[in-house]
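# Architecture at a glance
Chain by chain, the residues run as shown.
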Amino acid sequence: MTEGVFFLLGRERMEYMTMTDQSCKEFIEALSSKAPVPGGGGAAALMGAIGTALGDMVGSLTLGKKKYADVQEDVIRLKESAAQLEQEFLELVQADADVFEPLSRAYGLPKETEEQRRYKAEVMEKALTEAAGVPLRIMECCGRAIRLAAEMEKIGSVIAISDAGCAAAGLRAALTGASLNVLINTKSMQNRERAAQMEQAAREMLEQYVPLCDEIFQNVMTRLQP
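Treat the numbers as computed from the prediction; the structure is a model and nothing was measured.

This structure, assessed with the given rule, holds 9 salt bridges. Linking Asp74 and Arg77 is a salt bridge whose minimum nitrogen-to-oxygen distance equals 3.6 Å. Taken together, the residues span about one helical turn, with Asp74 and Arg77 both in helix α3 (residues 72–107) at a distance of 3 residues. Using a relative accessible area of 33% as the deciding quantity, one classes Asp74 as partly exposed. What makes Arg77 partly exposed here is its relative accessible area of 37%. With a closest N to O distance of 3.3 Å, Arg117 and Glu114 form a salt bridge. Here Arg117 and its partner Glu114 are both found in helix α4 (residues 114–155), 3 residues apart, which amounts to about one turn of the helix. Accessibility expressed as a relative area gives 38% for Arg117, which makes it partly exposed.

For the rest of this paragraph, the subject is the nonpolar core. Among soluble globular proteins, nonpolar side chains are generally buried collectively. With 58 residues, the main nonpolar core has Ile138, Met139 and Ile146 as its most contacted residues. Of all elements in the fold, only α2 (40–60), α3, α4, α5 (161–186) and α6 (192–224) reach the threshold of two or more residues within this core. If you tally residues by element for this core, the top one is α4, at 18 residues.

Time to look at the side chain of Asp56. Residue placement: Asp56 occurs in helix α2. The exposure class assigned to Asp56 is buried, which follows from its relative accessible area of 10%. Excluding anything up to four places from it in sequence, Asp56 contacts Lys79, Ala82, Ala83 and Glu86.

So, about the packing of α2 against α5. Packing of α2 against α5 brings their axes to within 8 Å, and their N-to-C directions diverge by 160 degrees. With respect to α5, the element α2 is oriented roughly antiparallel. When you trace α2 past α5, the crossing you get is left-handed. Contacts between α2 and α5 involve Gly40, Gly41, Ala44, Met47, Gly48, Gly51, Thr52, Leu54, Gly55, Met57 and Val58 from the former and Asp163, Ala164, Cys166, Ala167, Gly170, Leu171, Ala173, Ala174, Gly177, Ala178 and Asn181 from the latter. Residue composition of the contact of α2 with α5, by class: 12 nonpolar, 9 polar and 1 charged.

Turning to its location among the elements, Ala178 is positioned in helix α5. Looking at Ala178, the relative accessible area reads 0%, which means it is buried. Separated by 25 residues in the primary sequence, Ala178 and Arg203 place their C-alpha atoms 11 Å from one another. Beyond its immediate sequence surroundings of up to four residues, Ala178 is in contact with Ala44, Pro135, Ile138 and Met139.

Procedures and definitions
Starting afresh in each chain, residues are numbered from 1 along the sequence in its written order. With pLDDT at 70 or above as the cut-off, local features in this predicted model cover only qualifying residues; side-chain atom pairs require 80 or more to be listed or tallied, and sums for whole chains, interfaces and linings still use all residues. Values shown for side chains rest on all heavy atoms present in the structure; no hydrogens or waters enter the calculation. Throughout this description, the term salt bridge denotes a Lys or Arg side-chain nitrogen within 4 Å of a carboxyl oxygen of Asp or Glu. Counting from the N terminus, the helices are the DSSP runs of H or I reaching at least four residues and the strands are the DSSP runs of E reaching at least two. Three labels apply to residues, based on accessible area from a 1.4 Å probe with only protein chains included: buried if under 20% of the type maximum, exposed if over 50%, partly exposed otherwise in between. Here the nonpolar core consists of buried residues drawn from Ala, Val, Leu, Ile, Met, Phe, Trp, Tyr and Cys, with membership extended through side-chain atoms lying within 4.5 Å. Two residues form a contact once any of their heavy atoms are found within 4.5 Å. Comment: axis = line fitted to C-alpha atoms, over the contacting stretch for helices; angle = value between 0 and 180 degrees taken between N-to-C directions. Oblique is the label for any angle not under 35 degrees, not over 145, and not in the 65 to 115 range, which are roughly parallel, roughly antiparallel and roughly perpendicular in turn. By definition, turning the near helix anticlockwise from the far helix through less than a right angle yields a left-handed crossing, and turning it clockwise yields a right-handed one. Each residue is assigned to one class: nonpolar for Ala, Val, Leu, Ile, Met, Phe, Trp, Tyr, Cys and Pro, charged for Asp, Glu, Lys and Arg, and polar for all the others, Gly among them.

See below:
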């Protein structure tokens, strides 16, 4: 994979740098432009990082408080896991851009001759498989982060309970968004057995973790009722 990608900033220039080196404003400008990256997968990974960080913040606001002395070790464990996940998500923002570049180039390969068509099909299949694999990894990270958020909602400081709900909402969006980026690529894969395996993995994660996100969110809503 490359270390960075080209994308449009405003109308004047192209910059070469990693996705996560950008400011929030620059990332949004690139996301809303005609540039091929970042796209939905990278946005899902960034939402995953944000959702995880919100859960991490709940832990930060719980550490050192006498009221929560009996859960300090659990909070430390959860925060350590969250920090690792945040880094993984940020790496996946870039990974999604890296795998989309060869796919976008593959679409433009010539197909006039039989040899060209065969070569294009081989390149496309490899690129599609890699492009589906990254959002699948994003979904896996979302699952781990959602489990952390569920624990944090139960033991975290009550003053940050709304942030635990926001974490669940953000991670739900990241999970479901990433699933669409799996399916848009598996749809065009020629190896239908491999495509079906990836689709099944995505479907199972949706079935497992969307209800958990909804449960966390509803728990928070209930606790916030006057």
